[in-house]
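Structural description and commentary
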Protein chains: 2
Amino acid sequence: MPAEPTTFITPDALLAHWQGHRRLTRRVIDAFPEDQFLTFSLGGMRPFSTLAMELVSMALPMVQGLASGEWTMPNNREPQPKAEVLRLWDEATSQMNEVWPQIPPQKFLETIKAFGQWPGVVHDLVLYVVDNEIHHRGQGYVYLRALGIAPPAFYDRS
Amino acid sequence: MPAEPTTFITPDALLAHWQGHRRLTRRVIDAFPEDQFLTFSLGGMRPFSTLAMELVSMALPMVQGLASGEWTMPNNREPQPKAEVLRLWDEATSQMNEVWPQIPPQKFLETIKAFGQWPGVVHDLVLYVVDNEIHHRGQGYVYLRALGIAPPAFYDRS
């Protein structure tokens, strides 16, 4: 059996890092006025409600798929009012904490097809979901600034 | 000696992941017309040249600090023309590949003060630099869309 590869970050610490991002993204969702959450856009891009529902459709389903090997593509990516997005967000946050420890640790270094269609090493697939959240949240910062609203501090993950 | 902690991602794979992001960010920088790179802004935010120079000021200096234990805060964060930012970008990309392997692997799990002032576990400090790049690049996507320019594909890291 080969030696365990050197660690940049452990699965536990990665989840903690991700949940820090999720707390910040939740604050960005909550910073939008209800109507602009559903309608405001710049450059023909999607409103933040639609972007947030994309994030909801990826995070918990990825974790569940890795833990169970069963991939379910969420069919609800329609924009939702803020209260509903926040409810789905909090539910997923809690379930992710429960399901993540069920992923076998060696899994993160395996090459798989996520959702039956996206090939990659599991750590890259997970980071894709985190990075996509950061990417769209950064766009939400521009929407908020353009609306005259100061966004939450990027460095605060508490 | 305790067992090596479980690995989510190795240092080598994390650098490869980061360099994939850097290739995408380079394409976003290059997608801006020269004048708008220096001047275009939404919501009172900084032009993309200034954001890109912030990224330049963080990436290689973080890697160098971790490898050597000596922290130099770059004093040039002034906006630069596109050709100069791309030159600095490519130089840093190459140097990061050289210096990263000199970081002792156990370093990533230690708690330090980066640049003598930001405390944290090294993996979180490194991810902060990567995440900050993704965050500001996402803002660059909105600038490009508002300028009527299609940004490069987010998923393409080649």
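Look up a bit, the structure's there.
Now for a quick tour of the structure. (Residues numbered from 1 in each chain as written. Chains lettered and ligands numbered in written order. Predicted model: local features only at pLDDT ≥ 70, side-chain atom pairs only at ≥ 80, totals over all residues.)

We now examine the interface of chain A and chain B. Counting residues at the interface gives 32 residues for chain A, matched by 32 residues for chain B. Of all the secondary structure elements, the ones that give two or more residues to the side of chain A that touches chain B are helix 1 (11–31) and helix 5 (122–146) of chain A. For the side of chain A that touches chain B, the leading source of residues is helix 5 of chain A, giving 13 residues. By residue class, the composition of the side of chain A that touches chain B is 17 nonpolar, eleven polar and four charged. (Contact = placed C-beta atoms within 7 Å. Helix = DSSP H or I, 4+ residues; strand = E, 2+ residues; numbered from the N terminus. Nonpolar A, V, L, I, M, F, W, Y, C, P; charged D, E, K, R; others polar.)

Now for the relation of the copies chain A and chain B. With an RMSD of 0.0 Å, the fit of chain A onto chain B corresponds to turning through 180 degrees and sliding 0.0 Å along the axis. These values place the two chain copies in the arrangement generated by a two-fold rotation axis. (Least-squares fit on C-alpha atoms with pLDDT ≥ 70 in both.)

All right, on to the packing of helix 3 (residues 48–68) of chain B against helix 5 (residues 122–146) of chain B then. Residues and elements named next belong to chain B. Running from N to C, helix 3 and helix 5 cross one another at 165 degrees; their axes reach a closest spacing of 10 Å. When the interaxial angle is binned, helix 3 and helix 5 end up roughly antiparallel. The two elements helix 3 and helix 5 cross, and the hand of that crossing is left-handed. Side by side, helix 3 and helix 5 meet where F48, L51, E54, L55, M58, A59, M62 and L66 of the first sit next to V122, L125, V126, V129, N132, E133, H136, Q139, G140 and Y143 of the second. In the contact of helix 3 with helix 5, the residues fall into twelve nonpolar, four polar and two charged. (Axes fitted to C-alpha atoms, helices over the stretch in contact; angles between N-to-C directions. Parallel < 35°, antiparallel > 145°, perpendicular 65-115°, else oblique. Left-handed = near helix turned anticlockwise from the far one by under 90°.)

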